[in-house]
Amino acid sequence: MNITLDLENASVVAQTPEQDEILRWLSPCFTPAQFDARLSNPTFQTPNISVRIVDEEESEALNSTYRGKHSATNVLSFPADLPPDIEFEFLGDLVICAPVVEREAQEQGKSSRAHWAHMVIHGCLHLLGYDHIEDAEAEIMENLETQILQALDFPPPYEQ
């Protein structure tokens with residue numbers, strides 16, 4: 001599967017993932033086994049995703065505007081809402097806050113790359129319609145994240 005990624009790095013953090021890494025992490029999110037009835041179009045040919053890597057000020061501004069939470073957060077997902085007659089497979093935007101991801105990785109005793117991969121996958125699953133508001137939905141999403149990360153040779157992201 002070909003994924004089109006528009007990557008923009010607006011962060012001052014020195015060590016952020018490159019486009020090829022992010023594409024490698026996104027790819028398993030689009031295997032048929034990952035789709036269920038909640039998705040309106042599980043047969044993507046060339047999904048398009050935008051990823052913007054930011055610092056805390058921009059993350060906090062977006063989180064405040066769109067979620068009413070006045071702090072920076074690790075990843076924000078903005079699913080595309082295109083009219084049905086538009087034949088463009090744009091899934092949406094991910095905004096990932098580099099300082100928050102790096103700090104969380106250190107606090108949680110994870111490798112930086114494992115946590116970055118988790119945030120990319122977590123955000124992508126949100127774009128695909130998954131959520132974790134209800135316990136049952138959270139369990140589905142967390143199990144899927146774990147399966148994808150382990151297939152990429154990363155450890156499970158959640159404490160067992």
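Residues numbered from 1 in each chain as written. Predicted model: local features only at pLDDT ≥ 70, side-chain atom pairs only at ≥ 80, totals over all residues. Heavy atoms only, no water.

*Asks:* Help me get a handle on the confidence of the model for the chain, residues and values and all.
*Replies:* Residues at a pLDDT of 70 or more form 91% of the chain, whose mean pLDDT is 89. No element of the chain has a lower mean pLDDT than helix 5 (residues 135-151), which averages 92, and none a higher one than helix 2 (residues 56-67), which averages 97. (pLDDT = per-residue confidence, 0-100. Helix = DSSP H or I, 4+ residues; strand = E, 2+ residues; numbered from the N terminus.)

*Asks:* If you had to explain the nonpolar core to someone new, which residues and values would you point to?
*Replies:* Of all hydrophobic cores here, the largest spans 33 residues; its most connected members are Trp25 and Ile49. The leading source of residues in this core is helix 4 (residues 112-127), at nine residues. If sequence neighbours within four positions are ignored, Trp25 has contacts with Pro17, Arg113, Trp116, Ala117, Val120, Ile121, Leu152 and Phe154. The next biggest cluster of nonpolar side chains, apart from the first, holds six residues, and it includes Leu62, Leu76, Val95 and Val100. (Core = buried A, V, L, I, M, F, W, Y, C linked by side-chain atoms within 4.5 Å. Buried < 20%, exposed > 50% of the residue type's maximum accessible area, 1.4 Å probe, protein only. Contact = heavy atoms within 4.5 Å.)

*Asks:* Go over the packing of helix 4 against helix 5 with me, naming the residues and quoting the values.
*Replies:* For the pair helix 4 and helix 5, interaxial distance at closest approach is 10 Å and the crossing angle is 130°. In terms of orientation, helix 4 and helix 5 fall into the oblique class. Judged by the twist between their axes, the crossing of helix 4 over helix 5 is right-handed. Where helix 4 approaches helix 5, its residues Ala114, Ala117, His118, Ile121, His122, Leu125 and His126 are matched on the opposing element by Met141, Leu144, Glu145, Ile148 and Leu149. Grouping the amino acids of the contact of helix 4 with helix 5 by side-chain chemistry returns eight nonpolar, three polar and one charged. (Axes fitted to C-alpha atoms, helices over the stretch in contact; angles between N-to-C directions. Parallel < 35°, antiparallel > 145°, perpendicular 65-115°, else oblique. Left-handed = near helix turned anticlockwise from the far one by under 90°. Nonpolar A, V, L, I, M, F, W, Y, C, P; charged D, E, K, R; others polar.)

*Asks:* Tell me about the sheet that holds strand 1 (residues 4-9), and name the residues and values.
*Replies:* Across the sheet, four strands lie side by side as 1-2-4-3; this open sheet has mixed pairing. Sheet topology places strand 1 and strand 3 (75-79) at the edges, where each strand pairs with a single neighbour. Strand after strand, the sheet turns through a mean of 15° between neighbouring axes, direction not considered. Of the strand pairs in this sheet, strand 2 (residues 48-54) and strand 4 (residues 90-97) are connected by seven bridges, and their pairing is parallel. Counterpart to Ile53 in the pairing with strand 4 is Ile96. Sheet strands touched by helix 2: strand 2, strand 3 and strand 4. Its angle to strand 3, the strand with the most contacts, is close to 50°. (Pairing = 2+ DSSP bridges.)

*Asks:* Tell me about the environment of Val101, and name the residues and values.
*Replies:* Structurally, Val101 is set in helix 3 (residues 98-107). The exposure class assigned to Val101 is buried, which follows from its relative accessible area of 0%. C-alpha of Val101 to C-alpha of Gln150: the two residues are 49 residues apart in sequence and 19 Å apart in space. Leave out the neighbours within four places in its chain, and Val101 touches Asn74, Ile96, His115, Trp116 and Met119.

*Asks:* Describe in detail the pattern of salt bridges, supporting the description with residues and values.
*Replies:* Applying the stated rule across the entire model yields four salt bridges. The residue Arg52 makes a salt bridge to Glu58 at a minimum N-O spacing of 2.6 Å. Connected through shared salt-bridge partners, Glu8, Arg52 and Glu58 make up one network. (Salt bridge = Lys/Arg side-chain N within 4 Å of Asp/Glu carboxyl O.)

*Asks:* Go over the packing of helix 1 (residues 19-26) against helix 4 with me, naming the residues and quoting the values.
*Replies:* Helix 4 packs onto helix 1 with a crossing angle of 55° between their chain directions and a minimal axis gap of 9 Å. Taken together, helix 1 and helix 4 sit at an angle that is classed as oblique. Here the hand of the crossing between helix 1 and helix 4 comes out right-handed. Contacts between helix 1 and helix 4 involve Glu21, Ile22, Trp25 and Leu26 on the former and, on the latter, Arg113, Trp116, Ala117, Val120, Ile121 and Cys124. When grouped by side-chain class, the residues that make up the contact of helix 1 with helix 4 number eight nonpolar, no polar and two charged.

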